[in-house]
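Commentary on secondary and tertiary structure
Here is how the chains run, residue by residue.
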Amino acid sequence: MKHFPQSEILNSLPKQFFASLVKKAGEYIERGFDVINLGQGNPDQPTPGHIVAKLQEAAANPINHKYSPFQGFPYLKKAVSDFYFREYGVELNPEKEVAILFGGKAGLVEIPQCLLNPGDTVLVPDPGYPDYWSGVALAKAEMVTMPLKEENRFLPDYSELGTEDLEKAKLMFLNYPNNPTGAVADLEFFEETVSLANDHDICIVHDFAYGGIGFDGVKPPSFLQAQGAKDVGIEIYTLSKTYNMAGWRVAFAVGNESVISALELIQDHLYVSLFGAVQEAAAEALTGPQDCVKELNEMYEQRRNCLIDGLCSIGWDVSAPKGSFFAWLKVPNGFSSEEFSNILLEKAQVVAAPGVGFGSYGEGYVRIGLLTSEERLAEAVKRISELEIFKKS
Ligand SMILES: Cc1ncc(COP(=O)(O)O)c(C=O)c1O
């Protein structure tokens, strides 16, 4: 059989850093170990029943068996704008300021191709969600990283960015509540971001994937709540996390009209729109009963407390995340993030993602997902407490 080499652009895509850990965890499972996998970001709860019921009903309707309109059904765009007004007091024009996406990932990867030319500069957070890098590579653009440091509450310090980088940058990715650090931004930070974007003509893309998950009574703000945000950027919101719909592939982008129309244009060339029944179910999620979101938040907060209290009680000095479903834990002195996640797997059969996989400023941390029951998290803590290093402390 002939082997057809991949294109240069495919070869330029970032390598999957976590593949070797996933493989190694699989080997432990095959060998019969009871592995507690806290290394990935897949929500563990089912989609709320009323959303599933809407999909079932809508799947039976022949209107949804045809191609759905390019750019999505108007009722879903209206549901998005109602959702933003209800949740954040942000007014959106459903026709011009909302684009329907095949999951947040699709929008995030498309955006650099919509706005950049080869060689253009993009500011990305470090540590950060690796999909930003994929979109940048596909657009043949260049990345400049913005370090997220604990002493700055994992917010970028714009005063540290070089003037030349700021002048060259055309696009910036931000993400709060943050994956992987669990940090939450305040409105003041978003206002500072709008002002920077205005000064340097940078388009801001705020990835609000964990917008629905905030702890200690704090509701994570939307970037669009900042004065003037729509003039300088967009926000991408997915239903994957807030409504446990990760497999359904539905999300949307909201904000700046010119960016929304660029996204719709690229999507016109790549796809028709989502299965109509998924669109009906998404509208139901956004505008139907919201008790499920409150319950989910409470569940993650209890899991967070169980994990963080447990780890502190065994002498691991860790901080509690303020949002998202991740905990970002400083590894004990003397270990790299990869070494420590290897120890966790080999000695405790607990999978944690090494922080360096999210960028060089992730070195020194591991990421743990709050995506299993409190019982399993407590079991993970118990196993970790038995590691030599914690026995001594
Ligand atoms: C930071 C961040 N952004 C975006 C996404 C994309 O989610 P989806 O493609 O399911 O909408 C994820 C999913 O893990 C994420 O962690």
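Residues numbered from 1 in each chain as written. Predicted model: local features only at pLDDT ≥ 70, side-chain atom pairs only at ≥ 80, totals over all residues. Heavy atoms only, no water.

Notes on the packing of helix H3 (residues 49-59) against helix H12 (residues 276-287)
- Relative orientation of the contacting elements H3 and H12 amounts to 150°, with a least axis distance of 8 Å. Relative to H12, the element H3 lies roughly antiparallel. For the element pair H3 and H12, the recorded crossing hand is right-handed. Residues His50, Ile51, Lys54, Leu55, Ala58 and Ala59 of H3 pack against Ala277, Val278, Glu280, Ala281, Glu284 and Ala285 of H12.
- Grouping the constituent residues of the contact of H3 with H12 by class yields eight nonpolar, one polar and three charged. (Axes fitted to C-alpha atoms, helices over the stretch in contact; angles between N-to-C directions. Helix = DSSP H or I, 4+ residues; strand = E, 2+ residues; numbered from the N terminus. Parallel < 35°, antiparallel > 145°, perpendicular 65-115°, else oblique. Left-handed = near helix turned anticlockwise from the far one by under 90°. Contact = heavy atoms within 4.5 Å. Nonpolar A, V, L, I, M, F, W, Y, C, P; charged D, E, K, R; others polar.)

With respect to the UniProt feature "domain: Aminotransferase class I/classII large" (unreviewed entry) in the protein
- The feature "domain: Aminotransferase class I/classII large" (unreviewed entry), as annotated in UniProt, sits at residues 34-384 in this numbering.
- Secondary structure across residues 34-384 comprises 42% helix and 16% strand; the distance between its end C-alpha atoms is 14 Å. (UniProt positions renumbered as here; feature names shortened; annotations may be inferred.)

A word on the site of the ligand
- Residues in close proximity to the ligand total 14 residues, the closest being Gly104, Asp207, Thr238, Ser240 and Arg249.
- One of the backbone nitrogen or oxygen atoms of Lys105 is found 2.9 Å away from an oxygen atom of the ligand.
- Summarising the interface, the protein chains cover 91% of the accessible area of the ligand, which totals 400 Å² for the free molecule.
- Counting residues per element, the ones that place at least two in the shell around the ligand are helix H5 (104-115) and helix H10 (239-242).
- Take the shell around the ligand: its biggest share by element is three residues, from H5.
- Residues that form the shell around the ligand fall into these classes: four nonpolar, six polar and four charged. (Near = heavy atom within 4 Å. Polar contact = N/O pair within 3.5 Å; in protein donor to acceptor, adjacent residues only side chain to side chain. Areas by Shrake-Rupley, 256 points an atom, 1.4 Å probe, with all protein chains shown as cover.)

Here's the deal with the pattern of salt bridges
- In this structure the tally under the stated criterion is 21 salt bridges.
- A salt bridge links Asp34 to Arg376, with the nearest nitrogen and oxygen atoms 2.7 Å apart. Placement of Asp34 in the loop between helix H2 (19-30) and strand S1 (36-37) and of Arg376 in helix H15 (residues 374-385) is noted, with a sequence separation of 342 residues between them.
- You can call Arg376 partly exposed: its relative accessible area is 25%. (Salt bridge = Lys/Arg side-chain N within 4 Å of Asp/Glu carboxyl O. Buried < 20%, exposed > 50% of the residue type's maximum accessible area, 1.4 Å probe, protein only.)

What about the pairing of strand S6 (residues 203-207)?
- Most of S6 is tucked away, with five of its five residues classed as buried.
- Burial of S6 is two-sided: the residues Cys203, Val205 and Asp207 facing one way and the residues Ile204 and His206 facing the other way are all buried.
- For strand S5 (residues 169-175) and S6, the ladder comprises five bridges, and the chain directions are parallel. What sits directly across from Leu174, in S6, is His206.
- In terms of strand pairing, S6 meets strand S7 (residues 233-238) through four bridges, oriented parallel. From the neighbouring strand, Val205 faces S7, where its bridge partner is Ile234. (Pairing = 2+ DSSP bridges.)

Considering the packing of helix H4 (residues 74-88) against H12
- Two elements in contact, H4 and H12, have axes whose closest approach is 9 Å; the angle formed by their N-to-C orientations is 20°. The orientation of H4 with respect to H12, classified from their angle, is roughly parallel. Crossing of H4 over H12 shows left-handed handedness. Packed against H4, whose contacting residues are Tyr75, Leu76, Ala79, Val80, Phe83 and Arg86, the element H12 presents Gly276, Gln279, Glu280, Ala282, Ala283, Leu286 and Thr287 at the interface.
- Each residue belonging to the contact of H4 with H12 can be placed in one class, and the counts come to eight nonpolar, three polar and two charged.

Considerations on the pairing of strand S3 (residues 121-126)
- In terms of burial, S3 is a largely internal element, six of the six residues being buried.
- With burial as the criterion, each face of S3 is covered, one bearing Thr121, Leu123 and Pro125 and the other bearing Val122, Val124 and Asp126.
- Two elements, S3 and strand S4 (residues 142-147), share six bridges in a ladder whose sense is parallel. From the neighbouring strand, Asp126 faces S4, where its bridge partner is Pro147.
- In this view, the connection linking S3 to its parallel neighbour S4 by way of helix H6 (residues 131-138) has right-handed handedness. (Right-handed = clockwise from strand over helix to strand, strands pointing away.)

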